[in-house]
Amino acid sequence: MLSYGPSPIQQLDIASFTTKNLQVWVKRDDLIHPFISGNKSRKLKYLLLDAAQKNQRHLVTFGGAFSNHLLATAAAAAENGFRSTGFARGEPVQNDMLLLCRLMGMDLRFVSREDYRDKQGLFYRYFFGDTDAYFIAEGAAGELGALGCEEIVTELPRDFDHIICACGTGTTVSGILNGLSAQKKHTRIHVVPILKDSGFLKEAIDGLLKSPVEYNFHSAYHFGGYAKTDEHLIDFIKKFIAKTGILIDPVYTGKAFYALFDLIEKGVIKEGGSTLVIHTGGTFGLLGMREKFFPQILSKKHR
Ligand SMILES: *Cc1c(COP(=O)(O)O)cnc(C)c1O
């Protein structure tokens, strides 16, 4: 269940890296699965095994209207003989992501922002006494999620001086840190939180660590907050995709790759070093941001 074999690593061929004798690699978790993309396939792996073991065949989870996690859960459920329900925040809407969720058989329930805040409360209200229902936290956050992400490290064919990874709940980063300390590696982890008030994330990460380890926490790459962007970031993403053929999105991986270039520029990542950026997937997030990338096309009514 949700075992797809190691994702490839790919070296980035960019002139400014070569000049500085920098090796930059990308762990292509975005290629693991088109819909159970990136870190979501890793985070869901042990949750689905746990649900199957408990004979609970109905996955219940939570997400925003453009949530990679909702789509991943819907697809993982369909592929493995589970039912799925997704609580979505806000007014009922239709969009490309939710269309895919529905096609995968997910029962979507829209709830007010206030109700959405209390996930356990929602679960109890709708599924009290339902022994088939299995609760999955928003973003598949938590211990079992982190356990799956340790496999990012065990798959690596070589050592790196630095690893850079985007961070939403901290689960993926915690798994990587646990994986590295199990192997006693001295790789520097650079955590790139994608939301604004990210102080609480350090606690979340530390809470999932099997033993305390150090990491670099770069809180300056959120571009205004969750799913917020500016022209600078959009411009960076467009150029990066056109140059490498690797899709990155403005919510997560765009910010992580932006951090890569900036940390090199600032000398935090020094000449001669090797760096691995984790492509955590989520490229469907681009679908919600057409206007941000090409507003001029919209104004000509080409949509
Ligand atoms: C969900 C997601 C993340 C956040 O991962 P956490 O484990 O919650 O920190 C990062 N990148 C992408 C593409 C995601 O979809």
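About the thresholds
Residues numbered from 1 in each chain as written. Predicted model: local features only at pLDDT ≥ 70, side-chain atom pairs only at ≥ 80, totals over all residues. Heavy atoms only, no water. Near = heavy atom within 4 Å. Polar contact = N/O pair within 3.5 Å; in protein donor to acceptor, adjacent residues only side chain to side chain. Helix = DSSP H or I, 4+ residues; strand = E, 2+ residues; numbered from the N terminus. Nonpolar A, V, L, I, M, F, W, Y, C, P; charged D, E, K, R; others polar. Core = buried A, V, L, I, M, F, W, Y, C linked by side-chain atoms within 4.5 Å. Buried < 20%, exposed > 50% of the residue type's maximum accessible area, 1.4 Å probe, protein only. Contact = heavy atoms within 4.5 Å. Pairing = 2+ DSSP bridges. Axes fitted to C-alpha atoms, helices over the stretch in contact; angles between N-to-C directions.

### Some details on the site of the ligand
Stage number 1. Taken together, 14 residues sit near the ligand, with Lys-40, Gly-168, Thr-169, Thr-172 and Thr-280 positioned nearest.
Stage number 2. Asn-39 is positioned such that a nitrogen or oxygen atom in its side chain is 2.9 Å from an oxygen atom of the ligand.
Stage number 3. At a separation of 2.7 Å, an oxygen atom of the ligand approaches a polar side-chain atom of Lys-40.
Stage number 4. Elements that contribute at least two residues to the shell around the ligand include exactly α2 (39-53) and α8 (171-182).
Stage number 5. For the shell around the ligand, the element with the highest residue contribution is α2, accounting for three residues.
Stage number 6. Residue composition of the shell around the ligand, grouped by class: two nonpolar, ten polar and two charged.

### Focus on the nonpolar core
Stage number 1. Core analysis: the biggest nonpolar cluster contains 57 residues, and Leu-12, Ile-176, Ile-205 and Phe-257 have the highest contact counts within it.
Stage number 2. At seven residues, the largest contribution of residues to this core is made by helix α11 (residues 253-265).
Stage number 3. Apart from residues lying up to four places away in sequence, Leu-12 is in contact with Phe-17, Val-24, Val-26, Phe-240, Thr-244, Ile-246 and Phe-257.
Stage number 4. Residues Ile-36, Leu-47, Ala-77 and Ile-136 belong to the second largest nonpolar core, which totals 15 residues.

### Section: the sheet that holds strand β5 (residues 107-111)
Stage number 1. Strand order in the open sheet formed by four strands is β5-β4-β3-β6, and the pairing between neighbours is parallel. Because the sheet does not close on itself, it has two edges, and the strands there are β5 and β6 (133-135). The average undirected angle you get between the axes of adjacent strands in this sheet is 25°.
Stage number 2. Two strands pair when backbone bridges link them, and strand β3 (residues 58-63) and β6 are joined in this way by three bridges, in the parallel orientation. Bridge pairing in β6 places His-58 opposite Ala-133.
Stage number 3. The strands touched by helix α6 (residues 119-127) within the sheet are β3, β4 (83-89), β5 and β6, with β6 carrying the most contacts at an inclination of about 175°.

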